[in-house]
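Read off the chains here:
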Amino acid sequence: MQSHSTRPANHGQQVDFSTGSIRQNVLAVAAPMLVAQVLNLLYNIVDRIYIGKLPGEGALALAGLGVCFPIVTLVTAFANLFGVGGAPLCSIARGQKDFAQARKIMANAWFMLLVCGVGLTVLGIAFHRPILYLLGASADTYSYASDYLTIYLLGTVFVMTSLGLNPYINSQGFAKTGMLTVLLGAAANIVLDPLFIFVFGLGVRGAAIATVLSQCLSAIWVLRFLTGPKAELNLEWKGFRPDFACIGRIAALGTSSFVMSFTDSLVQMACNSTLQTFGGDIYVSVMTVINSVRQIAQTPVMALTDGTSPVISYNYGARSVPRVRQAIRFMTQLGFGYTLLIWGLISAFPTLFIRIFNQDPALVEAAVPSLHIYFFGFVMMAFQFTGQSVFKSLGKAKMAIFFSLLRKAIIVVPLTLILPYVAGLGVNGVFLAEPLSNVIGGLACYITMHLTVMPELSAMEREKAAV
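Please read all numbers here as calculations on a predicted model, not as lab measurements. (Residues numbered from 1 in each chain as written. Predicted model: local features only at pLDDT ≥ 70, side-chain atom pairs only at ≥ 80, totals over all residues. Heavy atoms only, no water.)

Engineer: What am I meant to see in the overall build of the chain here?
Structural biologist: Helices and strands together make up the secondary structure of the chain, namely 17 helices and zero strands. Over its C-alpha atoms the chain spans a radius of gyration of 22 Å, differing by no more than 12% from the 23 Å that the globule rule assigns to 467 residues. Its C-alpha atoms give the chain principal-axis dimensions of roughly 70 × 45 × 35 Å. Relative to its 467 residues, the chain shows a buried fraction of 59%. For the chain, the proportion of contacts with a sequence separation of at least 24, taken over those separated by at least 6, is 83%. (Helix = DSSP H or I, 4+ residues; strand = E, 2+ residues; numbered from the N terminus. Rg over C-alpha atoms; globule rule 2.2 N^0.38 Å. Buried < 20%, exposed > 50% of the residue type's maximum accessible area, 1.4 Å probe, protein only. Contact = heavy atoms within 4.5 Å.)

Engineer: Would you explain unusual backbone geometry in this entry?
Structural biologist: Glycine aside, residues mostly have negative phi angles, and peptide bonds mostly take the trans form. Positive phi values are uncommon outside glycine, yet Lys97 reaches one of about 65°. With respect to the helices and strands, the residue Lys97 is situated in the loop between α3 (86–95) and α4 (99–126). For Lys97, a relative accessible area of 52% gives the class exposed. Phi angles above zero are rare outside glycine, and Ala423 is one such case at about 50°. Note that Ala423 resides in the loop between α16 (397–418) and α17 (427–466). For Ala423, a relative accessible area of 76% translates into the label exposed.

Engineer: Explain the environment of Phe330 to me, please; I cannot follow it from the model alone.
Structural biologist: Among the secondary structure elements, Phe330 is positioned in helix α12 (residues 321–348). Note on Phe330: relative accessible area 8%, which makes it buried. Between the C-alpha atoms of Phe330 and Ile22, which are 308 residues apart in sequence, the distance is 8.4 Å. Contact partners of Phe330, with chain neighbours within four places excluded, come to Arg23, Val26 and Leu27.

Engineer: Sorry, what's going on with the side chain of Ser393 here?
Structural biologist: Among the secondary structure elements, Ser393 is positioned in helix α15 (residues 381–393). A polar side-chain atom of Ser393 sits 2.9 Å from a polar atom in the side chain of Ser309. Not counting the four nearest positions on each side in its chain, Ser393 is found in contact with Pro88, Ile92, Ser309, Ile312 and Ser313. (Polar contact = N/O pair within 3.5 Å; in protein donor to acceptor, adjacent residues only side chain to side chain.)

Engineer: Could you clarify how one ought to interpret the nonpolar core in this entry?
Structural biologist: Buried together is how nonpolar side chains tend to be arranged in soluble globular proteins. With 65 residues, the main nonpolar core has Ile51, Phe82, Leu132, Tyr148, Leu165 and Leu226 as its most contacted residues. Elements that contribute at least two residues to this core include exactly α2 (58–82), α3, α4, α6 (142–154), α7 (156–170), α9 (203–226) and α10 (244–278). Broken down by element, the residue count for this core peaks at 13 residues, all from α2. The residues touching Leu165, leaving out its near neighbours within four places in the chain, are Trp110, Leu113, Met160, Val222, Leu223, Leu226 and Leu235. Core analysis: the second largest hydrophobic core is formed by 38 residues, Ile45, Val301, Met381 and Leu419 among them. (Core = buried A, V, L, I, M, F, W, Y, C linked by side-chain atoms within 4.5 Å.)

Engineer: Sorry, what's going on with α6 here?
Structural biologist: The α-helix advances 3.6 residues per turn, and as a result positions three or four apart in sequence lie on the same side. Between its terminal C-alpha atoms α6 stretches 19 Å, which fits the 18 Å expected from 13 residues at 1.5 Å a residue. Within the span of α6, buried status applies to Tyr142, Tyr144, Ala145, Ser146, Tyr148, Leu149, Ile151, Tyr152 and Leu153. (Expected span 1.5 Å × (residues − 1).)

Engineer: Any chance you could explain the pattern of salt bridges here in plain terms?
Structural biologist: Side-chain pairs of opposite charge can arise whenever the charged atoms involved come near each other. Scanning the model with the defined rule gives seven salt bridges in all. For Arg94, the salt bridge identified is with Glu232, shortest N-O distance 3.4 Å. In this pair, Arg94 sits in helix α3 while Glu232 sits in the loop between α9 and α10, placing the two residues 138 residues apart along the sequence. You'll find Arg94 and Glu232 in the same group, each marked buried. Here Glu463 ties to Arg319 by a salt bridge, and the two come within 3.4 Å at their closest N and O atoms. A residue pair is termed long-range when its members are at least 10 positions apart, and Glu463 in helix α17 and Arg319 in the loop between α11 (281–317) and α12 qualify at 144 residues. Of the residues examined, Glu463 reaches a relative accessible area of 49% and is grouped as partly exposed. Exposure remark for Arg319: the relative accessible area of 32% places this residue in the partly exposed category. (Salt bridge = Lys/Arg side-chain N within 4 Å of Asp/Glu carboxyl O.)

So yeah, pure geometry; function would need other evidence.
If you want it as structure tokens, here you go:
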């Protein structure tokens, strides 16, 4: 791979992580990332809002989309494996001024994103029918799920490229450019959705077509920036050969984010199939709505932790321990305050959030008590996100993977399958599994982070002072 000379550090809108206030550094990255993640959320949220409004079939169509969630989440998991996995390594290499290594990480990540994208497309389309029934589709909702999923999967390579490479723009300090990546696609989706769904009369298929076209635009934007003159680290293929040792390091760190998304997929599958057994299609629709509300609620705290990650990674690589500590402290305080606020709002105004997606009286009646149960103790998610972010930012792959598995695979999935049979809880048992996992998993992750990371930072500080 060709090695370029180091470019000056001060590019246009680039944030310098080595100087200035940590709070300003974090917010300078997190604010555009928040906008970007809200816009990214609109890709699927807008689909659900419009589909939920289809005359006479909104609730069933919404359930059909809900059945597709585990597959959509799985695609995101593979994008995170090589996107979120490689970006902290790229930031650490930048902090060490090893720009050749940073470029190498990015090129190998994109290679794997393309390989996984093609593989998921072929396998998903070939086996979509048995998969959808396994995920909780019924005879009434299968046609909606099949129409959406088969078209969505045709755009998997675009999704992998836009989601998987955008973290490499953010890791270089170009948060506003990363925001524009998602703005372009989300704006296109908002415009194209009603056109394809209602004007062309394509319904669920129209929503999928609009999403694929929008992701294609985002992918083109990302590639244009990373191969252009404004990027500090360019994406290069000249003389490229896969470096499987490098890919292994990326995947090892990305496994944490992969596991988080993959276990999300497992949880959604367990929820949909169990709710289909105990409550039928109406409760699959309820879970679709609640998942949508959860995504809205957790997006700002995810943007905060994702925005703090490159700041922590860079300063860890530069051995600036006080700045690492300040970033962790600020992330914890702001995350706790936000999750406490949003929990209060959802508890006080549940119907307001539910009616964004569907106004069917039966669905609203079933969703309100379910929403209260599901979001109880939502504030504990701040500790989970903070702990996970610190482990990933410092390259501690094993710890990040363990706590991803603990909360979802070890706690939520078994509880989702068992609690409905306990004391006649039924569908309430499915919704109760989430708050229990938030408390147990969130506290375990954050306490362990403090007990392991803080002593290491202190040792690093003493070592630096002794030199």
